[in-house]
Amino acid sequence: MNLKKYLVRALHRLQKGPGYTYKELLVWYCDNTNTHGPKRIIKEGPKKKLIWFFLTLLFASLVFWQWGILINTYLSYNVTSSLSIGFKTMKFPAVTVCNANPFKYSEVKHLLKELDRLIEAALERILQPTPGNVSDSVSPPLDLQLWNQIPLVLIDEHDKDNPVILDIFETNQTAGDNETAASNETAGDSLSSEGNETTMYSETTVGNQTTAPPAPANTTTEEKKYKLAVKLCSHQGSNNCTYRNFTSAAQAVTEWYILQSTSILSKVPLHERIRMGYQAEDMILACLYGAEPCNYKNFTQIYHPDHGNCYIFNWGMDEEALNSSNPGAEFGLKLILDISQQDYIPYLSSAAGARLMLHQQKSFPFLKDQGIYAMAGTETSIGVLVDELERMGYPYSDCTINGSDVPVKNLYSQYNTSYSIQACLRSCFQNHMVEICGCGHYMFPLPKGVNYCNNEDNPGWAYCYFSLRSSIKQRQICIDSCKETCNDTQYKMTISMADWPSEASEDWIFHILSYERDMSTNVTLDRNGIIKLNIYFQEYNYRTISESAATTIVWLLSSLGGQFGFWMGGSVLCLIEFGEIIIDSLWITIINVISWCKGLKQKRARARYPDAPPTVSELVEAHTNLGFQHEPMGALPRGKALPPEPGTPPPNYDSLRVQPLNVLSPDSDAETE
């Protein structure tokens, strides 16, 4: 069957109308559609036809504009948050308690001995920077190798436009009191670095002590201002340095001591660091959960770089999580802790107390970010309220269920803990530090095959660390790579404190606690080291904050139909009619394309045979007589033409015309005679 005939019949069956051209099809659609407007265009007079055409076009444009807004709103995937309050028996949170001081000073003193002597000598010169005020007491010589790796410097800012850098421990001695040290830079040299940039000028030395340049005549010693800064260089002896300035010398000393102690402790094996920390049997004096007694064996020990040994109650790793039977302090967790404040490291921990945090089971406690302090000599009561967060996943938010779709390798998975955004950010930072600095920071877990940074093996690690930490680009990379968890539980705490024990009861309480811990009749505890904690559910009402889709497919369809019905009076059937005319138009287009292709084929065939094609008799003769050859017109020699074909000549119509007498020939006259 001819393809064109088949398509024509198919088109006729589909459209059920008379038209086979675009114009006829459009007229048929306007006459048969249920949409208001098009029918009036073809049935009204010329003026009304123009008005209805304009109105139909206007309202159709409004419909498409509203549809675009609705579809864009749906594809934005907005969410709405709903708050619901429930009442149920809840799991008691995991409770992590640590000492604010990570190590016992008596255990690490031999490691920090030289560091302590350096900071004590530096503080003496910091507090008395002018010559003649430094103590002349004889002491063993200082080992300045540790100091020169990450030194502290004084910045003289009496001239704010030209600050002067003063080295606290100047190792070069001069021949005279007023000669300039050969190792110092000239007045024209400057130190260029990003961030805290300070210009280096010459300074004078007297013996082993650095002094400031002479002050102007109208400037007194009291008017001069000094600031303390930590000097960080890419490597020892390099001019690529930066200065971390601090508004207070106390901040600078603490920061410098943390950097130096980090380098020292990073070389100590983990089991030694655990041994040098506070043990559970020494720290946890009493424990009571509800009406059931407990002890330090009910706690799980982990090592935290910031706080040393930490102990987690109800972590849920090896046993089922405990449920709380009722709200109130008598049904919660009660602890008595001994922080042994007298054994604190003096320059490392300036705060005294216990650091604690409430978190979910099987999650790692990030106490530096989410923990709270409990003060010594007090009873701290913590009332807990529970908020459960339920976020919608993709495409409504970029959250993750278990972190499996996060491109950052979770370094905290070695603790068998669940994924969290804090773990991801720290893992990302540690991975970048290993890649850029060649070693890992002491405060974060290590990837396999990598060592912690220290001054001996990595002289410029502190410079690299602070450059990386202050880099906005690196920070943004980690933020973009990490995702929030879709489901989370947050614990809101209401904290109250009171002095404990009271003056009337402290005698007998300290006697009992001292005897239970040391089996001694003497009091070995005091108010500066004792903390009591009460942790309980304030009420059993928990809040669930859940997200739901602000726009659904039902909302989209109803909104699209409402706009179409309001402006055009249409429905879904009208859309089907519109789809039908589109299909009919496609069929007509296909038929026209086929006709055009067929005409083009015939035109090419005519171009191949410029004269008339052979007749049937010639084709038969050629088939039966192999010697027959058809001679085309182009085969004749140029300038020669075929003789005229024989046949009857056309009649001479002039012979029938009547001739006048005077034109007759003489022959005719002779014949008449």
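What counts, and where the lines are drawn
- Residues numbered from 1 in each chain as written.
- Predicted model: local features only at pLDDT ≥ 70, side-chain atom pairs only at ≥ 80, totals over all residues.
- Heavy atoms only, no water.
- UniProt positions renumbered as here; feature names shortened; annotations may be inferred.
- Helix = DSSP H or I, 4+ residues; strand = E, 2+ residues; numbered from the N terminus.
- Core = buried A, V, L, I, M, F, W, Y, C linked by side-chain atoms within 4.5 Å.
- Buried < 20%, exposed > 50% of the residue type's maximum accessible area, 1.4 Å probe, protein only.
- Contact = heavy atoms within 4.5 Å.
- Lys, Arg positive; Asp, Glu negative; His and termini not counted.
- Salt bridge = Lys/Arg side-chain N within 4 Å of Asp/Glu carboxyl O.
- Patch = residues over 30% accessible without salt bridge, like charges linked within 9 Å, V, L, I, M, F, W, Y side chains within 5 Å.
- Areas by Shrake-Rupley, 256 points an atom, 1.4 Å probe, with all protein chains shown as cover.
- Axes fitted to C-alpha atoms, helices over the stretch in contact; angles between N-to-C directions.
- Parallel < 35°, antiparallel > 145°, perpendicular 65-115°, else oblique.
- Left-handed = near helix turned anticlockwise from the far one by under 90°.
- Nonpolar A, V, L, I, M, F, W, Y, C, P; charged D, E, K, R; others polar.
- Pairing = 2+ DSSP bridges.
- Phe/Tyr/Trp six-rings, centres within 6.5 Å; stacked < 30°, edge-to-face > 60°.
- 1 Å grid on protein atoms, 1.4 Å probe; cavity = no way out; pocket = protein on both sides within 12 Å on 5 of 7 lines; lining within 4 Å.
- Points joined across faces, edges and corners; volume = space filled by probe spheres on them.
- Domains from an automatic or database assignment.

Caption draft 1: The arrangement of the UniProt feature "transmembrane region" (unreviewed entry) in the chain in detail. Those places that UniProt annotates as "transmembrane region" (unreviewed entry) correspond, in this numbering, to residues 50-75. Between the end C-alpha atoms of residues 50-75 there is a gap of 38 Å, over a span that is 100% helix and 0% strand.

Caption draft 2: Here's a closer look at the nonpolar core. With 65 residues, the main nonpolar core has Trp 147, Ile 168, Trp 256 and Tyr 257 as its most contacted residues. Once you skip the residues sitting within four places of it in the chain, Trp 256 turns out to touch Leu 115, Leu 118, Ile 119, Trp 147, Ile 150, Pro 151, Leu 152 and Val 230. Core analysis: the second largest hydrophobic core is formed by 36 residues, Met 283, Ile 284, Leu 337 and Ile 535 among them.

Caption draft 3: Spatial organisation of the side chain of Glu 255. The residue Glu 255 is located in helix α7 (residues 249-265) in this model. This buried residue, Glu 255, is left without a salt bridge; Arg 244 holds the nearest opposite charge, at 4.1 Å. Beyond its immediate chain neighbours, meaning those up to four positions away, Glu 255 contacts Arg 244, Phe 246, Phe 466 and Arg 469.

Caption draft 4: Representation of a nonpolar patch on the surface. Taken together, the side chains of Leu 50, Phe 53 and Leu 57 define a hydrophobic patch exposed on the protein surface, amounting to about 340 Å² of accessible area. For Phe 53, the position within the fold is in helix α4 (residues 46-75). A residue is classified by how much of its surface remains accessible, and Phe 53, at 47% relative accessible area, is partly exposed.

Caption draft 5: The arrangement of the packing of α4 against helix α15 (residues 553-568) in detail. α15 packs onto α4 with a crossing angle of 165° between their chain directions and a minimal axis gap of 9 Å. Classed by the angle they form, the pair α4 and α15 counts as roughly antiparallel. In this structure, α4 crosses over α15, and the sense of that crossing is right-handed. Touching Thr 56, Phe 59, Ala 60, Leu 62, Val 63, Gln 66, Trp 67, Leu 70, Ile 71, Thr 73 and Tyr 74 of α4 are Ile 553, Trp 555, Leu 556, Ser 559, Leu 560, Gln 563, Phe 564, Trp 567 and Met 568, all from α15. In terms of residue class, the contact of α4 with α15 is made up of 15 nonpolar, five polar and no charged.

Caption draft 6: Molecular detail of the sheet that holds strand β14 (residues 354-359). Reading across from one edge, β11-β12-β2-β14-β15 is the order of the five strands in this open sheet, with antiparallel pairing throughout. Of all the strands in the sheet, the pair left with one neighbour each is β11 (299-304) and β15 (372-374). Ignoring strand direction, the axes of neighbouring strands in this sheet form an average angle of 30°. Inspection of the sheet shows strand β2 (residues 94-99) paired to strand β12 (residues 308-313) by four bridges, in the antiparallel sense. Among the inter-strand pairings, Thr 96 is bridged to a residue of β12, identified as Ile 312.

Caption draft 7: Structural detail: the packing of aromatic side chains. Inspection of every chain in the model, using the stated rule, returns 25 aromatic pairs. Centroid distance Phe 103 to Tyr 303: 6.5 Å. Interplanar angle 35°. Geometry classified as tilted. Of this pair, Phe 103 sits in the loop between β2 and α5 (105-127) while Tyr 303 is found in strand β11, placing the two residues 200 residues apart along the sequence. A relative accessible area of 2% means that Phe 103 is categorised as buried. Residue classification places Tyr 303 among the buried positions, given a relative accessible area of 8%.

Caption draft 8: Representation of the packing of helix α11 (residues 421-437) against helix α13 (residues 472-481) within the structure. Orientation of α11 relative to α13, taken along the N-to-C sense of each, is 135°, at an axis distance of 9 Å. The angle between the axes of α11 and α13 places the two elements in the oblique class. The handedness of the crossing between α11 and α13 is right-handed. Across the interface between the two elements, Leu 425, Cys 428, Phe 429, His 432 and Ile 436 of α11 pack against Gln 474, Ile 477, Cys 478 and Ile 479 of α13. Within the contact of α11 with α13, the residues separate by chemical class into seven nonpolar, two polar and no charged.

Caption draft 9: Quick peek at the sheet that holds strand β8 (residues 241-245). Spatially, four strands are ordered β4-β3-β7-β8 in an open sheet, and the strand pairing comes out antiparallel. Bordering the open sheet on either side are β4 (164-167) and β8, each of which pairs with just one other strand. Strand-to-strand twist of the sheet, defined as the mean angle between neighbouring strand axes without regard to direction, takes the value 40°. Sheet strands touched by α7: β3 (152-156), β7 (226-233) and β8. Its angle to β7, the strand with the most contacts, is close to 25°.

Caption draft 10: Seen up close, the layout of surface pockets. A volume near 1100 Å³ is recorded for the second largest pocket. Lining of the second largest pocket is provided by 39 residues; of these, His 359, Gln 360, Asp 488, Thr 489 and Tyr 491 occupy positions nearest its centre. A per-element tally of the lining of the second largest pocket places strand β19 (residues 487-499) first, with six residues. In terms of residue class, the lining of the second largest pocket is built from 14 nonpolar, 16 polar and nine charged. Residue assignment places the lining of the second largest pocket across two domains, with domain 2 (83-102 + 279-390 + 489-550) and domain 4 (400-485) each supplying three or more.

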